[in-house]
Amino acid sequence: METVDTLIIVFAVIAVVGSAAGAFLYDPPASPKDFVVTFTEEEHDVASEESGSVSGSTISDTVDVPVPMPNVTALELTVTMSPSNSPPVRANPANAVIIVKDPAGSEVGRKTITWASTESGAKSVDFDIAQQYLAGLPDSVDTRNLTAEEAETWAAGEFTNRTATGIWRVTVQISNPGTVPNEETFAISVSGTATHYHGQARLETGPISGAA
Amino acid sequence: MVKTQAAMGTPEGERGAWSSRTGFILAAVGSAVGLGNIWRFPFSAAEGGGAAFIFIYLVLLLLIGLPIMFAELAIGRKARLNPIGSFRKLTEGNRLWVGAGVLFVGVSLFIISWYSVIAGWVMRYAFGSVVGSYFDDPAGYFTDVQTGMDALGYHIVVMVLTASALAIGVSKGIERVATIMMPILFTLAVFIAVYVGFLSGSGEGYSFMFAPDFSEVDGSTVRSAAGQALFSLSLGQGAILTYASYLDKKESLTTNGTIISIADTGVAILGGLMVLPALAAFGLLTGENAQGGAGALFIGLANAFSNMGIAGYFVGTAFFVSLFFAAFTSAISLLEVSVSFVVDQWNVPRKKAALLMGLIAYSGGIIAAVDGEIMGFMSGSWTDAILILGALLISIFVGYVMKDAIDELDRGGIRGVGRITIAMTRTVVPIILIVLLVLAIKVEIVDQYFASIDLFGW
């Protein structure tokens, strides 16, 4: 048998065995890598109530947080709000309801900050969006005993509506703002980190642009 | 005594020859035009100051790209053998130069092993575009495509097609594929470039690539432009040398080499006119997309197609079909280097040689198809240094070692170009390439893989 014929047989065997080994041994979600990016903090003014009534009025505004990356499996946000009036003059406690929505428009987080009638100063709340995701896993799948990493990997594959690059939206609704005078301005800032999977177990780096 | 192909008993028909000048040019352009024209050149231009980068690129194309192109063509046509056989024949068996030939064959075989996997991705995207498979979830689709059974399956298909084209022969296989695919590629590329030009918001894409900004020009810009001038032309890997070995002695190497270089540059610019306006029109020319590479095409551009509505099916299909043609014709030239070696040196039929080298290349690519990190390493920029080394060896060989190089370069063409080429390959070209090689070793190898080791004190 010629040398070339022997080589053909050898590499044919390698090709077949290698393909089979690759097919059977390959485990796609075995060791995904994530990368963490931070987006800059920037103040965003909530529109003030210019002529609202003393009580029962609501002011609201929306802060857009561009996260130009797909497969976001965790988003940690810190929303900080600072009332402008100090000392405050309110007839009732001011309540700020903070709602976070993903690019698909689904609500993924909601928390409230309250300032008593005489209370001033900045307050903040933290959102760990990954918890929201994992809490929403269908029962039929959630019966498995997954590690946190496995669960995130699974979530990355399942939450296809969150694979789109887009704008995460933080909406703030404030009831009972300042009453004397009939306006109160709240400064709001959003900061945080996003974790996502890009491709198959590939590490990507780089800052994302945009801010609140 | 060096045996020639005929003396070794290789049937004349096994080696083959181009049937026409047009066929050779299209095949060589097909070799030069590859994925790099689409996913590397436009973004390198944007990063390096737009028109400023393109100007530097054209200057370096004249200074190093064309001389190396002419030199590879001269070696191949003079020896009429594969790289190893060529160096052996022209140096009467000098082992060091035979080793250089081994480098070319090895590098081309290595590159085709992973390049085939990526060509497989493109093929799947071409099919997927017809039915909009990736429209709902481009990123998720890319995750499915790039590794695993899907990648393996398409790797097999691409390698079978590539080896089949080579098995059929130079004229009936390689040349016929190029004469069919390259005109289609040009036509589709022009169609896409015109279409995306009419999309609202596409203007940012043009300024992204063409707006001159000399403040962006620095050492890395020059290195990038020089690298582009070499790699985009498929130089330093033996492909052009091998194709030239099938070229008629009456043909002008310098004229044909110039046409190939101009066509390749034209497609690179056309690539920018397709990709960047499309990304810009949908606000996708940001973040990772703005950096080019696979993500810009397979996620970013796929995302743009998915936002085009019904037109996205047609434009997406046209784009990925043309991209596949570019990748496939390059894959053919890469595998041909080693196939020609087996045909020439081992005196075996072309079909058997194509089968053997196809199997070897496929086997080498299996690991890249199943593991994304290994693919990332294999396709990493460190191979740039190897290709620069290859180009440097070509320059030194033609400038200082090869006999009658000027006659070979001037044969059938404008007299005097050969003398200028030899003068450049003795002076300017090796100096630039040595600087590039040192920088490439530092940036692409030492900094990448041995960052903790302070080798040079830099």
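Cut-offs used in this document
- Residues numbered from 1 in each chain as written.
- Chains lettered and ligands numbered in written order.
- Predicted model: local features only at pLDDT ≥ 70, side-chain atom pairs only at ≥ 80, totals over all residues.
- Heavy atoms only, no water.
- Helix = DSSP H or I, 4+ residues; strand = E, 2+ residues; numbered from the N terminus.
- Buried < 20%, exposed > 50% of the residue type's maximum accessible area, 1.4 Å probe, protein only.
- Contact = heavy atoms within 4.5 Å.
- Areas by Shrake-Rupley, 256 points an atom, 1.4 Å probe, with all protein chains shown as cover.
- Salt bridge = Lys/Arg side-chain N within 4 Å of Asp/Glu carboxyl O.
- Polar contact = N/O pair within 3.5 Å; in protein donor to acceptor, adjacent residues only side chain to side chain.
- pLDDT = per-residue confidence, 0-100.
- Patch = residues over 30% accessible without salt bridge, like charges linked within 9 Å, V, L, I, M, F, W, Y side chains within 5 Å.
- Phe/Tyr/Trp six-rings, centres within 6.5 Å; stacked < 30°, edge-to-face > 60°.
- Lys NZ or Arg CZ within 6 Å of the ring centre and 35° of its normal.
- Core = buried A, V, L, I, M, F, W, Y, C linked by side-chain atoms within 4.5 Å.
- Pairing = 2+ DSSP bridges.
- Expected span 1.5 Å × (residues − 1).

**Student:** Describe the overall build of chain B, and please don't skip the residues or the numbers.
**Tutor:** The secondary structure content of chain B amounts to 22 helices and 0 strands. Taking all 458 residues of chain B together, 62% fall into the buried category. Once local pairs closer than 6 in sequence are excluded, the contacts in chain B between residues at least 24 apart make up 83%. Here chain B displays about 16,300 Å² of accessible surface, and carbon together with sulfur accounts for 65% of that area.

**Student:** An account of the overall build of chain A is needed here, citing residue identities and associated values.
**Tutor:** Within chain A one finds 4 helices and 8 strands. From first element to last, N terminus to C terminus, chain A shows the α and β order α-β-β-β-β-β-β-α-α-α-β-β. For chain A, long-range pairs separated by at least 24 residues make up 80% of all intrachain contacts whose partners lie at least 6 apart in sequence. When the accessible area of chain A is evaluated, it comes to approximately 10,300 Å², of which 52% is carbon and sulfur surface.

**Student:** Quick one: what's the story with the pattern of salt bridges, residue by residue and with numbers?
**Tutor:** All names here are of chain B. Under the counting rule described, the total for this entry stands at 9 salt bridges over all chains. Residues Lys249 and Glu408 are paired through a salt bridge, measuring 3.6 Å at the closest nitrogen-oxygen approach. Taken as a pair, Lys249 in the loop between α13 (239-244) and α14 (253-281) and Glu408 in helix α20 (residues 405-410) lie far apart in primary sequence, 159 residues in all. What you see here is one network of salt bridges that share partners, running through Arg77, Lys249, Glu408 and Arg411.

**Student:** Report on unusual backbone geometry, specifying residues and quantitative values.
**Tutor:** Residue and element names in this part refer to chain B. The backbone of Ser234 sits at a positive phi, close to 60°, despite the residue not being glycine. Position of Ser234 among the secondary structure elements: in the loop between α12 (219-231) and α13. In the Ramachandran plot, Asn347 falls in the positive-phi region, its phi being about 60° despite a non-glycine side chain. Here Asn347 is to be found in the loop between α16 (310-346) and α17 (350-370).

**Student:** An account of the side chain of Thr242 of chain B is needed here, citing residue identities and associated values.
**Tutor:** Residues and elements named next belong to chain B. The topology assignment puts Thr242 in helix α13. Among the polar contacts made by the side chain of Thr242, one reaches the main-chain carbonyl oxygen of Gly238 at a distance of 2.7 Å. Thr242 has contacts with Pro83, Glu336, Val337 and Ser340, leaving out every residue within four places of it along the chain.

**Student:** I'd like a description of the confidence of the model for chain B, backed by residues and values.
**Tutor:** Overall, the prediction assigns chain B a mean pLDDT of 88, with 94% of residues at 70 or greater. This model gives residues 1-12 of chain B a pLDDT under 50, and the stretch forms 19 contacts once residues within four places in sequence are excluded.

**Student:** Kindly report on a nonpolar patch on the surface, identifying the contributing residues and their values.
**Tutor:** A cluster of nonpolar side chains, namely Ile9, Val13, Val16 and Val17 of chain A, defines an oily patch on the protein surface of about 360 Å² accessible area. With relative accessibility at 51%, the residue Val17 of chain A sits in the exposed group.

**Student:** Give a detailed account of the side chain of Ser261 of chain B, specifying residues and quantitative values.
**Tutor:** Residues and elements named next belong to chain B. As for its placement among the helices and strands, Ser261 is situated in helix α14. Of the polar contacts made by the side chain of Ser261, one reaches the backbone oxygen of Gly257; its length is 2.9 Å. The residues contacting Ser261, other than those within four sequence positions of it, are Leu66, Met69 and Leu233.

**Student:** Go over the confidence of the model for chain A with me, naming the residues and quoting the values.
**Tutor:** Residues and elements named next belong to chain A. Looking at chain A as a whole, the pLDDT averages 61, with 42% of positions reaching at least 70. Throughout residues 131-146 the model reports pLDDT below 50, and contacts reaching past four residues in sequence, or to other chains, amount to 20 contacts. Within the model, pLDDT remains below 50 along residues 178-182, and this stretch shows 13 contacts once partners closer than five positions in the same chain are excluded.

**Student:** Could you give me a rundown of the environment of Gln146 of chain B, with the residues and numbers involved?
**Tutor:** You can see Gln146 of chain B is positioned in helix α8 (residues 138-146). A sequence separation of 223 residues divides Gln146 of chain B from Ala369 of chain B, and the C-alpha atoms of the two residues are 7.1 Å apart.

**Student:** Break down the packing of aromatic side chains for me, with residues and values.
**Tutor:** Residue and element names in this part refer to chain B. Under the definition given, this model contains 28 aromatic pairs over all chains. Here Phe41 and Phe53 contribute two aromatic rings whose centre-to-centre distance is 6.1 Å and whose plane-to-plane angle is 70°, an arrangement assigned as edge-to-face. Here Phe53 lies in helix α5 (residues 51-79) and Phe41 lies in helix α4 (residues 41-47), a separation of 12 residues in the sequence. The same class applies to Phe41 and to Phe53, which are both buried. The interplanar angle of 10° and the centroid separation of 5.6 Å between the aromatic rings of Phe324 and Phe328 together place this pair among those described as stacked. Here Phe324 pairs with Phe328, and both are found in helix α16, just 4 residues apart, close to one helical turn. Taken together, Trp39, Trp121, Tyr125, Tyr134, Phe135, Tyr141, Phe142, Phe298, Phe305, Tyr313, Phe319 and Phe320 form an aromatic cluster joined through their ring pairs. The cationic tip of Arg124 hangs over the ring face of Tyr141; the distance from NZ or CZ to the ring centre is 4.9 Å.

**Student:** Run through the nonpolar core, naming residues and quoting values.
**Tutor:** Within the largest apolar cluster, 175 residues are counted, with the highest numbers of intra-cluster contacts made by Trp121, Phe298, Phe319, Phe320 and Leu335 of chain B. It is α16 of chain B that contributes the most residues to this core, 20 residues altogether. In this view, Phe298 of chain B contacts Trp39, Trp121, Val122, Tyr125, Pro138, Phe142 and Phe320 of chain B; residues no more than four positions away in its chain are not counted. Residues Val63, Val79, Met81 and Ile129 of chain A belong to the second largest nonpolar core, which totals 23 residues.

**Student:** Quick one: what's the story with the pairing of strand β4 (residues 94-101) of chain A, residue by residue and with numbers?
**Tutor:** Residues and elements named next belong to chain A. Of all 8 residues in β4, 6 are buried; the element is thus mostly enclosed. Here β4 runs beside strand β5 (residues 107-115); their pairing, made up of 8 bridges, is antiparallel. Across the sheet, residue Lys101 finds its bridge partner in β5, namely Glu107.

**Student:** Could you give me a rundown of helix α2 (residues 21-32) of chain B, with the residues and numbers involved?
**Tutor:** Residues and elements named next belong to chain B. Along its 12 residues, α2 runs 16 Å from first to last C-alpha, staying within 8% of the 16 Å computed at 1.5 Å per residue. Of all 12 residues in α2, 10 are buried, a share of seventy percent or more. Every buried residue of α2 is listed here: Gly23, Phe24, Ile25, Leu26, Ala27, Ala28, Val29, Gly30, Ser31 and Ala32. Where the residues of α2 are buried, they touch α3 (35-39), α5, α10 (170-197), α13, α14 and α16.

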